[in-house]
Amino acid sequence: MDHQPAIWNQHAECLPREQLLKLQLQRLQHTLHSVATHVPCYQNKFKNCGFEPENLQTLEDLGKLPFTTKEDLRLNYPYGMFAVPMRDVVRIHSSSGTTGKPTVVGYTKEDIQTWTELVARFMTAAGVTNEDIVHIAFGYGLFTGAFGLHYGSEAIGASVIPMSGGNTDKQLMIMQDYRSSALVCTPSYGLTLADRMEKQGIDPRSLALRVGLFGAEPWSEQMRAEVEQRLDIIATDNYGLSEIMGPGVAGECLCRKGMHLAEDHFIAEIIDPDTGQVLPKGDVGELVLTSLTKQAFPMVRYRTRDITRIDYETCECGRTLARMEKTRGRSDDMLIIKGVNVFPTQIEEVLLQIEGTEPHYQLFIDRINNVDSLEIQIEVNEKIFFDEMKQQRTFVVEAEKKLASVLGVSAKVKLVEPSTIVRHEGKAVRVIDRRQQ
Ligand code: DLL
C-alpha cells in the first residue's frame, strides 16, 4: 500500500481481538436486556425459547437465539420494534419491505452520534480528510445513504455538497465549478456520470475528483476497474442496511481487501441460509447482524439476506476489525435496481390491484449505458390486449404510474397476450436479470 491514511478512531478500530470480544459480550448483554424489557416482539421470541438475558454467558450463546427477519418488522409496522419512547427518537428512515409497507427505523440522538462516528471511520479509511469537498449524489430523504455520508463528512471536517440524486448535467457542472474531490453515490451512478462526461467531452483529469465512496448496491471488481479508469479516481466500497443503521456497517480501507466491519457496534455471524446453522469462520453464507449499541432500534440476529464471507486476519492497514467480502448475491428475491430495493412481491401486489391483468408477469432487468432498466411484461386479458391502441396506452401509463409510486423506481410496462409467458412446472421464473455486475 503506497498511501497510509489516518485512522479515525485508532483505539476502537485496532482493538486486540480479546478485548473486542469482551466489549462485544458486555454490550450484547446490555442490548438483550433492553429488548427484553422494551420490545414485545423480543419478549415473545425469548419466552418461546425459554431464554432470559441473564442466561447469556458467552458470545457463542447468541447462536441459540431466534433470528429477526423483515417479516418481524412488517408485523410490527411502524414502530413496534422501537425500544425507546417516541420522544427520544430524533430521526426516522425507511426502506422497502417485502410487501407494500416499508421498513421503518428510528434513531435517538446518541444513535445519530454513533452513526456519524461509524461513517466518519470508513470515510477516513478511504482517505477522506478535512481538505476534501464531498459531493453527495445519493437522494436525500427516507433513504439512509445521503444523511449517513453527510454527517460522516461533516464530522471529518470535509466540506459537504448536499447535491442529492439525479440531474446529471447539473452534477457535472457543480463537480467542475465547486472542485468536488470525493464522490458519494451508487457505483452504477458513478458510471452514468462517466458516460455523461464522455458525451460532453469533459476530461476526468481536469476535475478535482480523486476518490469515490460507493455503496448501496452490489458491484464487481471489473466494475470497480471501469469506474476508476473512467473517472480517474480510487473507488472504494461501503456496505450497510437501514435495519442495522444505514451506511457505516462496513467499509473498505485503501488496501481494498474487504470492508472492515464495525465489530465494536455489531456482531456478525455467517449462517447457512437454508438450515440457519452458524457456519465456521471463513465460510461463505448469509450475514446475520446483531446491534450492540443502538438504542431506538436494536436488532438481534437480523438476517440481512446478503451472502458473503468474513476474513478475520488483521489487515495491512493495522485495523483489527474483520473484513467482509463484496456480497455475492442474496438469499431472497430482493433486487436492487438503480440502488433501490425492489421485491417482486411488491410488483405482484400492484398488478393485483389493476383490473384486466393476469397473475402472470415477468421482470426483465438490463443495464443499458450503465443505467439499470426494468421492463415488466404483463399478461392481460383478451379484451385489453385487443383494445384500441389509445385505450391500451392509457392502461400502460396507469400501470407504470402505480408501479413507480410503489417501487420508487420507474418501470416500462409491456402488455403481452394471454398465455404467452412461459409456464414452469416448479417455481415461476419471474425475474430475468440480464445485468452483468
Ligand atoms: O443501501 C444503505 C447504504 C447506503 C449502504 C449508502 C451504503 C451506502 P438499504 O436501502 O436498506 O440500505 O439496502 C440495504 O443494499 O442488504 C444489500 O443487499 C445492499 N447493499 C448495500 N450496500 C452494498 C454494497 C442501504 N456495498 C441492502 N454492496 C443490503 C452490495 C449492498 N450490496
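Residues numbered from 1 in each chain as written. Predicted model: local features only at pLDDT ≥ 70, side-chain atom pairs only at ≥ 80, totals over all residues. Heavy atoms only, no water.

**Considerations on the overall build of the chain**
Here comes step 1: Summing up its helical and strand segments, the chain has 12 helices and 19 strands in all.
Here comes step 2: In terms of C-alpha radius of gyration, the chain reaches 23 Å, essentially the compact-globule figure of 22 Å for 437 residues.
Here comes step 3: In terms of its C-alpha atoms, the chain occupies a principal-axis envelope of roughly 70 × 60 × 40 Å.
Here comes step 4: Within the chain, the proportion of its 437 residues that are buried is 54%.
Here comes step 5: The contacts in the chain between residues at least 6 apart in sequence include a share of 66% that link residues at least 24 apart. (Helix = DSSP H or I, 4+ residues; strand = E, 2+ residues; numbered from the N terminus. Rg over C-alpha atoms; globule rule 2.2 N^0.38 Å. Buried < 20%, exposed > 50% of the residue type's maximum accessible area, 1.4 Å probe, protein only. Contact = heavy atoms within 4.5 Å.)

**Re the site of the ligand**
Here comes step 1: Around the ligand, a shell composed of 23 residues is seen, among which D237, N238, S242, D306 and N341 lie nearest.
Here comes step 2: D306 places a polar side-chain atom, nitrogen or oxygen, 2.6 Å from an oxygen atom of the ligand.
Here comes step 3: R330 is positioned such that a nitrogen or oxygen atom in its side chain is 3.1 Å from an oxygen atom of the ligand.
Here comes step 4: Breaking the shell around the ligand down by element, the ones donating at least two residues are helix 6 (144–156) and strand 7 (234–241).
Here comes step 5: A total of five residues in the shell around the ligand trace back to one element, the largest contributor, which is strand 7.
Here comes step 6: In the shell around the ligand, the residues fall into nine nonpolar, nine polar and five charged. (Near = heavy atom within 4 Å. Polar contact = N/O pair within 3.5 Å; in protein donor to acceptor, adjacent residues only side chain to side chain. Nonpolar A, V, L, I, M, F, W, Y, C, P; charged D, E, K, R; others polar.)

**Re the side chain of N370**
Here comes step 1: The topology assignment puts N370 in the loop between strand 16 (357–368) and strand 17 (371–380).
Here comes step 2: Looking at N370, its side chain comes within polar contact range of the side chain of D195, at 3.0 Å.

**Overview of the domain arrangement of the chain**
Here comes step 1: Assigned domains within the chain: domain 1 (1–330) and domain 2 (335–433).
Here comes step 2: A C-alpha centroid distance of 31 Å is found between domain 1 and domain 2.
Here comes step 3: On the domain 2 side, the residues contacting the 17 residues of domain 1 number 13 residues.
Here comes step 4: Applying the counting criterion to the domain 1 and domain 2 interface returns zero salt bridges.
Here comes step 5: Summed over the shared surface of domain 1 and domain 2, the result is two residue pairs in polar contact (both at pLDDT 80 or more).
Here comes step 6: Looking at the side of domain 1 that touches domain 2, the elements with two or more residues in it are helix 8 (187–199) and helix 9 (221–231).
Here comes step 7: Considering each element in turn, the side of domain 1 that touches domain 2 owes the most residues, four residues, to helix 8.
Here comes step 8: Among the residues making up the side of domain 1 that touches domain 2, the classes are represented as four nonpolar, eight polar and five charged. (Domains from an automatic or database assignment. Salt bridge = Lys/Arg side-chain N within 4 Å of Asp/Glu carboxyl O.)

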